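Chain and residue survey
The lines below spell out each chain.
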Amino acid sequence: MELFIVELARYVIILVFGIYTFYAYRAFASKDRARQNRVFAVQRTLTVLLHTVMSLLLIMENMTLVYIFLWLAELAFYFIFIKIYQVCYKGLSKLVLNNMMLCMMVGFIILGRLSYSYAIHQLVLASIAMVLCIFVPFFIERFSILERLGWQYALAGILFLLLVFVIGVEKWGSKNWISIGGVSIQPSEFVKILYVFFISSLLAKSTRFKHIVLISGVAAVHVIILVVEKDLGAALIYFVTYVMVLYVATMNVAYLGAGLGGGALAAVVAYRLFAHVRTRVLAWQDPWGTIENEGYQVARSLFAIGTGGFIGMGLGKGLPSSVPVVESDFVFSAISEELGGVFAICLILVYLSSYIMFVNIAMKMKKQFYKLTAFGLSVVFIFQVFLCVGGVTKFIPSTGVTLPLISYGGSSIMTTIMIFSIIQGMYVLNGREEESLEEERKSEGKRKREGKRRARNRG
């Protein structure tokens, strides 16, 4: 009977997630607000159903009260913050909110499958992040000075990155963590936001060549620090984000070409200078030939993905722990093994729909600073997805970055929630400004009509 339930659940999970993904794109096709709201309501029902089915599988697999507690706690997290978020972010993008919450719920499940302690830790930190982000609209609306602190953002970011050379600890070959009171923090995750604020603020002020050279030099300092720390994934994210934001700010193809050319040259130099870069390239080129050493992690990841096939082995029926660091950098292989390739593809499509919405939000911004910031944060988000999935599937060399909102790690999930919230906050503020302008236009039109009526009456 248990085998029948697990087998049936595999298809139910794929079907439910497939329908959710369909609606994630169906929302773009309709301009009718009432119809869109119905789509978003269906998405939320599907999210709860998906989470419940997967939670029941974990409860059946482990037969302990802690998984019942996790199920109820995660549902409480979902309903409480869905409600609070909509109250604090009036006029928000419901699609972005739904996608963010769905990815976190999937993350809780897959981490709970690996270890209930992972899920509890992730749930606590996600709750803290959501509480903190309740105040984002307040700060964005009341502190216009935010767009004038370009160099201050750069200084704060560089100093925070340099902390690892003073109180840093090494994990998995990279010295990019600091430990304070037993709590480990990855500075590069939080500095990503300051970095985007820095380049957006200064490029919004001026795109003169001399100004761009100066900004590029300071941006390069960030990247060089990360390379020295051996945090190659973060260095790539910072570099690509700057090139893309610079292109959008100037619409100059020459800058884009120069950035890509410079990036290619830097990659060659890094390959020749750093042994750890050569190790990752070797593992990417031939993981099976180096399976005993450099290629072990990538080879195990590919084996897990291949074993899962299209519909997966079933939640709790795979061997995800055979992949090193599966809870963070390689969580996508665990998802593919137990939930299947179709589920994994739908997850990528959900990420992509969030990115499309981010870009749409950026395009609607009136202020250049907000426009560049929203776009820059969207690049940070989607390029991180690309690096994580690409490294796990051997599409590119592994760079050691996490899967947003799903991988285990407080720094990662808190930063990603902040990215979503900042974009939402700017979207809400932009909507209020548009409503205010529309009301002013209506009032002006009303005054003009009233003046004409009075003029006719006097005549």
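Quick note: structure is the one above.
Residues numbered from 1 in each chain as written. Predicted model: local features only at pLDDT ≥ 70, side-chain atom pairs only at ≥ 80, totals over all residues. Heavy atoms only, no water.

1. Looking at empty space enclosed by the protein
The test is simple: Buried and open spaces are told apart on a 1 Å grid over the protein atoms alone, a cavity being a set of points where a 1.4 Å probe fits but cannot get out and a pocket being an open set with protein on both sides within 12 Å along at least five of seven lines. Residues with an atom within 4 Å of a point are the lining residues. Grid points are joined across faces, edges and corners, and a volume is the space filled by probe spheres set on the points. Side-chain classes are defined by residue name, with Ala, Val, Leu, Ile, Met, Phe, Trp, Tyr, Cys and Pro counting as nonpolar, Asp, Glu, Lys and Arg as charged, and the others, Gly among them, as polar. Numbering of helices and strands starts at the N terminus; helices are DSSP runs of H or I of at least 4 residues and strands are runs of E of at least 2.
What the rule picks out here adds up to two cavities of 30 Å³ or more. In this structure, the largest cavity spans a volume of roughly 50 Å³. Forming the walls of the largest cavity are D329, F330, L387, C388, G391, V392, S398, T399, G400 and V401. Its residues assigned to classes, the lining of the largest cavity comprises five nonpolar, four polar and one charged. Considered as a void within the structure, the second largest cavity measures approximately 40 Å³ in volume. Residue lining of the second largest cavity: S55, L58, Y67, L70, W71, E74, F108, I109 and G112, and that is the complete set. Taken together, the elements giving at least two residues each to the lining of the second largest cavity come down to helix 2 (33-62), helix 3 (65-88) and helix 4 (94-114). Considering each element in turn, the lining of the second largest cavity owes the most residues, four residues, to helix 3. Tallied by class, the residues present in the lining of the second largest cavity amount to six nonpolar, two polar and one charged.

2. Some remarks on the environment of Y247
Just so we agree on the cut-off: When a residue's accessible area, from a 1.4 Å probe over protein chains only, is under 20% of the maximum for its type it is buried; when over 50% it is exposed; and in between it is partly exposed. Any two residues whose heavy atoms approach within 4.5 Å at even a single point are treated as in contact.
Tracing the chain through its elements places Y247 in helix 11 (residues 232-250). Looking at Y247, the relative accessible area reads 22%, which means it is partly exposed. Separated by 12 residues in sequence, Y247 and G259 have C-alpha atoms that sit 9.4 Å apart. Residues within four places of Y247 in sequence aside, it is in contact with N252, V253 and L256.

3. Remarks on the packing of aromatic side chains
The description of an aromatic ring pair rests on the distance of the ring centres and on the angle between the ring planes. Our working definition: Pairing of aromatic rings covers Phe, Tyr and Trp, the last counted by its six-membered ring, and requires centre-to-centre distances within 6.5 Å; plane angles under 30 degrees mean stacked, over 60 mean edge-to-face, and any other angle means tilted.
Taken as a whole and judged by the stated rule, the model has 23 aromatic pairs. Residues Y153 and F197 carry aromatic rings whose centres are separated by 5.3 Å and whose planes lie at 70° to one another, so their mutual orientation is edge-to-face. On the criterion of sequence distance, the pair formed by Y153 in helix 7 (residues 150-162) and F197 in helix 9 (residues 187-205) is long-range, its members being 44 residues apart. One exposure class covers both Y153 and F197, and it is buried.

Any functional reading would require information that these geometric values do not contain.
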